[in-house]
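Single-letter residue listing:
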Amino acid sequence: MSIDGHVLLLGSNEIKHHAVGSKGKFLDQALRKGLPIPAGVVVLEEAWQSLEQRDFISDLDLQPNSSISELIELLHAHGLFAPWVVRSCFNVEDGAETSFAGMFRSVLHVDETRLEQAVLDVLASAGQVRVNQYRQASGDDAPLRRDILIMPQIDAQHAGVAFSDPEYEDDWLNVTDGLADGLLSGKTAGETRKVARLRWLERPQPHPKTDDDASSNDTRVDDAWLTRTQALLRQVRQSFGDKPWDVEWADDGETCYLLQLRPISRSVRRNDVFTIANHKEILPALPSRLMASVIAACAPSLFNYYRQFDPTLPKTRLFIELFRWRPYINLSLMTDMMRHFGLPTRLVTDSIGGDVDEDVSLQPLRLFRKIFVLARLGLAQLLSVPSSRKARQDILAKTAPYTNGGFEDTLSFREVLDNLAWVYSRLVKEMFSLTAATSAPVSLLRRTGALPIHSASQRTIGTAMLTDLNPIKAYVATRPDLHASLEQGTLPDDPKLNEMWQTYLSKHGHRGVFESDIARPRLSEDPAFMLRTLLQPPLGGQAEAVTWTSRWKLRLQSWRALVTLPLWWQARRSIAARELLRYDAMKSFAHLRAALLTLADAAVARGQLPTREDIWQLSQDELIALDVGKVYDRAFMKARSQEIDALADIHLPDLLNRFDDLEQYSPAATRNRTHFHGISLTTGSVRGRAWCLREPASRLPQGFVSETTILVAPSIDSGWLPTFNLVAGVVVETGGDLSHGSIILRELGLPAVTNVSGVMRGVQTGDVLVLEAGEGNVARVDAAAIQDEPAKSV
């Protein structure tokens, strides 16, 4: 019986008529679309079934016969000569939801004498255990097909895996010299590179080396293979759509070949750059737990402001992320947006601070493509002032029911916090357009030297907070008998001063220090600091009343000020609007704060909280739990206070990367405590005992429970899947974030970190670990820290 009818040539357009796995179908389509694919064949499962009657396969036990010779002749007839690569092409691989990357066998360096055994090894990898794993994970009871892909082996000089994700402006490469089998199995970490995602007519440009562990001082590369890989990835997107793609490739020094293409089922976490930006000005060094959690909850929707103008912008990347409970702005996301529009990245970094790997200049072709998007953004900036007026009205109306303590009996923490999130989000989104409308004219005014002259003539509502104190200061200067009380931060018993002070509070009492944190008291609650300022001289002497005449007198002193008046008109309007928006938003914050404190008093009365101020140390979700009867006793609040005190001792830099070792900024870094750092694969935090293995196991040690067990392994592949099901977290010593094992861990969603150097030497089975997967941190702590409590995943 011949097997000729069951051998399909890649590019023949016949594979689509068979239930072949996606691996073969993608390569068949790619070859017909003109992508560089090594020639190859798919041997259908029917070939093996038809040969069973001759005992070619009997319970996956191959017996030698002439059928392998027939297959070799067919390969030679198609010009496919050894060495070959024999790979699985099963129907369960490379799906849109799950890839099962590396679950089935591939065999390299196969010659004529080893082809039979290679086929046996690949078929055997579809054993019943693996099939059951697939069905359990996917819920699919469809029969498993065991088609096989055979291709000539590329004599690769460089090979690896690339992730092309439309969420980013760079493609992410994991590369190694020679073949990539060690990299894909997780036994070799490889080297990380990023290259710009090329669009139509764009030419490849050298890009920086970005391997986090590299010590080389070489920061620029222009390797020909890298350029070819860039072009290949563009071809993939043009042929199959700009979607998240996982691409295996190999470059032989002349051609970069596509070896495999699969949809990305779980995105790769990248080492983005973050900046504290203006949060450093409007929030305390360590914001309250409540405000930080509210900001984090709002983060997914904030970037939607820009997406309303261009839906092709990133959908899943967060504008703000928390690091040690401090909100940082994703600078990489913002600079990627500039690159997406073809604008210089310096427009962002000059505005909010920080720096990125490279300074990308104006890209005229992209700018032309996005001209209508940019026009709509520009129009929004021109209309930002009237838009901010509407926003102020909406914000004040949102919290009007809480004015003057007008709370309903049905008021809940959830309702107030929902309104707080709405006000915060509306404030931030409106600030986007106002800030953009301000930054360009202000930058030009600064370059001309006219900005100080114009600014000296402006008085916003923010300045009024101080200038409105001048009459009170003048009165206090005439009454030395009031000074002693004011130095103590208390209001003297003086009728006129009290009247003046109450008038001031009625206007500005809702403002405060670090007022963007809802936990910080408002001026009307804690006036001590401002009362002490009454002993200072009036601000600017007579400058509290800047007249039209004085403003023009200032401008006439410089021709630059006259020439730049149109720029100043736009800047002045948006600056004033920004201050008014924040001013009214803080009125809403004051109303919401009062509502939260009223609810806190009720919770204290019910015995749910020790004190009303404890609500600021709770997260948003913890606070909402009070609505359904949750109790936080003194022991809980004491532990939370100690945790917050420890966080306050950490002084993070204004600029950091997602995978930075933040432990170096903690006083704990000087203690004798083992700490490890690696590449984050997923998010989540776990406390538990280490289970150190060099080979997979299917049973936990005696006394261990899954909820508090963290697997520590030298490297992983799909064979560790049964072990993954027994643990709450995974720490891997050697591996890359694009290896098959890493892909599986992302799909499972287990808190996991890879490339954790030295962890197998520093940790023993039974040690207590704290795994912070999102930050790439692993710490060995005192055994008392766990106290047999369940692992905590976030």
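The coordinates are above.
Residues numbered from 1 in each chain as written. Predicted model: local features only at pLDDT ≥ 70, side-chain atom pairs only at ≥ 80, totals over all residues. Heavy atoms only, no water.

Examining the sheet that holds strand β2 (residues 41–43)
Formally: Two strands are counted as paired when DSSP detects at least two bridges linking them. Helix and strand definitions follow DSSP, with helices as H or I runs of at least four residues and strands as E runs of at least two, each counted in order from the N terminus. Lines fitted to the C-alpha atoms define the axes, with helices restricted to the stretch that makes contact. Angles between their N-to-C directions range from 0 to 180 degrees. Only heavy atoms enter the contact rule, under which two residues are in contact if any of them lie within 4.5 Å.
Taken in spatial order, the five strands of this open sheet run β1-β2-β5-β3-β4, and their pairing is antiparallel. Bordering the open sheet on either side are β1 (7–9) and β4 (106–110), each of which pairs with just one other strand. Each neighbouring strand pair of the sheet contributes to a mean axis angle of 20°, computed without reference to strand direction. The pairing of strand β3 (residues 84–88) with strand β5 (residues 148–152) spans five bridges and is classified as antiparallel. Within β5, the residue paired with S88 across the bridge is I148. Running over the sheet, helix α1 (residues 22–32) touches β1, β2, β3 and β5 and is turned about 45° from β5.

What to know about the pairing of strand β10 (residues 256–263)
Note the following rule: Three labels apply to residues, based on accessible area from a 1.4 Å probe with only protein chains included: buried if under 20% of the type maximum, exposed if over 50%, partly exposed otherwise in between.
Within β10, eight of the eight residues are buried, which leaves it mostly tucked inside the rest of the structure. Hairpin connection from strand β9 (residues 245–251) to β10: four residues lie between these consecutive antiparallel strands, with G253 at a positive phi of about 100°.

Overview of the packing of aromatic side chains
This is how it is decided: Note on aromatic contacts: the rings of Phe and Tyr and the six-membered ring of Trp form a pair at centre separations within 6.5 Å, being stacked when their planes are under 30 degrees apart, edge-to-face when over 60 apart, and tilted otherwise.
One pass over the full model with this rule turns up 14 aromatic pairs. Measuring from ring centre to ring centre gives 5.8 Å for W225 and W249, while their planes differ by 15°; the resulting arrangement is stacked. Taken as a pair, W225 in helix α7 (residues 224–240) and W249 in strand β9 lie far apart in primary sequence, 24 residues in all. On the accessibility criterion, W249 (1% relative accessible area) is buried. Seen from their ring centres, Y305 and F432 are 5.5 Å apart, and the 50° between their planes marks the pair as tilted.

Section: a nonpolar patch on the surface
Applied cut-off: Here, patches come from residues exposed beyond 30% relative accessible area and free of salt bridges, joined within 9 Å for like charges and within 5 Å for nonpolar side chains (Val, Leu, Ile, Met, Phe, Trp, Tyr). Note on areas: Shrake-Rupley with a 1.4 Å probe; residue coverage comes only from the protein chains shown. What counts as a salt bridge is simple: a side-chain nitrogen of Lys or Arg found within 4 Å of a carboxyl oxygen of Asp or Glu.
A cluster of nonpolar residues, W200, L201 and L365, forms a patch on the protein surface that exposes about 340 Å² of accessible area. Overall, the relative accessible area of 32% leaves L365 in the partly exposed class.

With respect to the nonpolar core
Note the following rule: Only buried residues count toward a nonpolar core, which is a set of Ala, Val, Leu, Ile, Met, Phe, Trp, Tyr and Cys residues joined through side-chain atoms within 4.5 Å.
Counting 70 residues, the largest nonpolar core has Y306, F319, F341, I518, L596, I615 and L623 as its most contacted members. Secondary structure elements with two or more residues in this core: α9 (289–302), α10 (304–307), α11 (331–341), α14 (371–382), α15 (384–398), α16 (413–448), α25 (565–605) and α26 (620–624). Leaving out residues up to four positions away in the same chain, L596 has contacts with L290, F413, V416, L417, I518, I615, W616 and L623. V86, L123, I716 and L721 belong to the second largest nonpolar core, which has 46 residues in total.

Some thoughts on the side chain of D494
Quick reminder of the rule: Each polar contact in these results corresponds to two N or O atoms within 3.5 Å; when the atoms are within protein, one needs to be able to donate a hydrogen and the other to accept it, and residues that are neighboring in sequence are counted only if both atoms are side-chain atoms.
You can see D494 is positioned in the loop between α20 (483–487) and α21 (495–508). Only 2.9 Å separates the side chain of D494 from the side chain of Y475, close enough to count as a polar contact. There is a polar contact of 2.9 Å between the side chain of D494 and the side chain of R479. Residue contacts for D494: discarding those within four places in its chain leaves Y475, R479 and L482.

Here's the deal with the pattern of salt bridges
Evaluation of the coordinates by the stated rule reveals 41 salt bridges. A salt bridge links R366 to E202; the nearest nitrogen and oxygen atoms lie 2.6 Å apart. One end of the pair, R366, is in helix α13 (residues 364–369); the other, E202, is in the loop between β8 (191–196) and α7, and 164 residues separate them in sequence. There is no split in this pair, since R366 and E202 are both buried. A salt bridge links K370 to D310; the nearest nitrogen and oxygen atoms lie 3.0 Å apart. Linking K370 in the loop between α13 and α14 with D310 in the loop between α10 and β12 (320–323), this pair joins segments that are 60 residues apart in sequence.

Don't take any of this as a statement about function, it's just geometry.
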